[in-house]
Amino acid sequence: LGALVLMAFGFGAAHAFTPGHGKTLVAAYLVGERGTVRHALVLGLTTTLAHTGSVLVVAVVLQLVYGDRVPAVTEAV
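Every chain is numbered on its own, with residues counted from 1 as its sequence reads. Only residues with pLDDT of 70 or above have their local features reported here, since the model is predicted, and side-chain atom pairs are shown and tallied only from 80 upward, although totals for entire chains, interfaces and linings are computed over all residues. Hydrogen atoms and water are omitted, and side-chain values are computed over all heavy atoms in the structure.

(A) Representation of the overall build of the chain in the model. Numbering of helices and strands starts at the N terminus; helices are DSSP runs of H or I of at least 4 residues and strands are runs of E of at least 2. Helices and strands together make up the secondary structure of the chain, namely four helices and zero strands. Against the globule reference of 11 Å for 77 residues, the chain gives a C-alpha radius of gyration of 17 Å, more extended than a compact globule. Overall, the C-alpha framework of the chain stretches about 50 × 25 × 20 Å when taken along its three principal axes. Using a 1.4 Å probe on the protein chains alone, a residue whose accessible area is under 20% of its type maximum counts as buried, one over 50% counts as exposed, and one in between counts as partly exposed. Burial analysis of the chain (77 residues in total) assigns 0% to the buried set. By element, 75% of the accessible surface of the chain is carried by carbon and sulfur atoms, the whole surface being about 6700 Å². A radius of gyration in this sense is built from C-alpha atoms; the matching globule rule multiplies 2.2 Å by the number of residues raised to 0.38. Exposure was quantified through the Shrake-Rupley algorithm and a 1.4 Å probe, taking into account, for residues, occlusion by the shown protein chains and nothing else.

Shown next, in the form of structure tokens:
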């Protein structure tokens, strides 16, 4: 379990450096508003919570819909 958590953390960190997820808008806001380090931290925390929260919601919904029955198309991948 510990190795999986570390792998998830590593993949998440790598994912954070890829384009998208509104990072350009956040950067533009910080530059345009002459944002402080505090602004950057609040925006980063908000983005992280929203992104992680949405993934968790999708996981819970899929668990409720499918339970332990994984669709065959998923198993084939």
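(B) A look at the environment of A3. Tracing the backbone shows A3 in helix α1 (residues 2-16). By relative accessible area, A3 is classed as exposed at 52%.

(C) A look at unusual backbone geometry. A positive phi angle, close to 50°, is found at R34, a residue other than glycine. Residue placement: R34 occurs in the loop between α2 (23-32) and α3 (37-66).

(D) View of a nonpolar patch on the surface. On the surface, V57, V58, V61, L62, V65 and Y66 cluster together into a nonpolar patch covering about 520 Å² of accessible area. Its location among the elements puts L62 in helix α3. The patch calculation keeps residues exceeding 30% relative accessible area without a salt bridge and links them within 9 Å when they carry like charges or within 5 Å when they are nonpolar (Val, Leu, Ile, Met, Phe, Trp, Tyr). Definition used for salt bridges: Asp or Glu carboxyl oxygen within 4 Å of a side-chain nitrogen of Lys or Arg.

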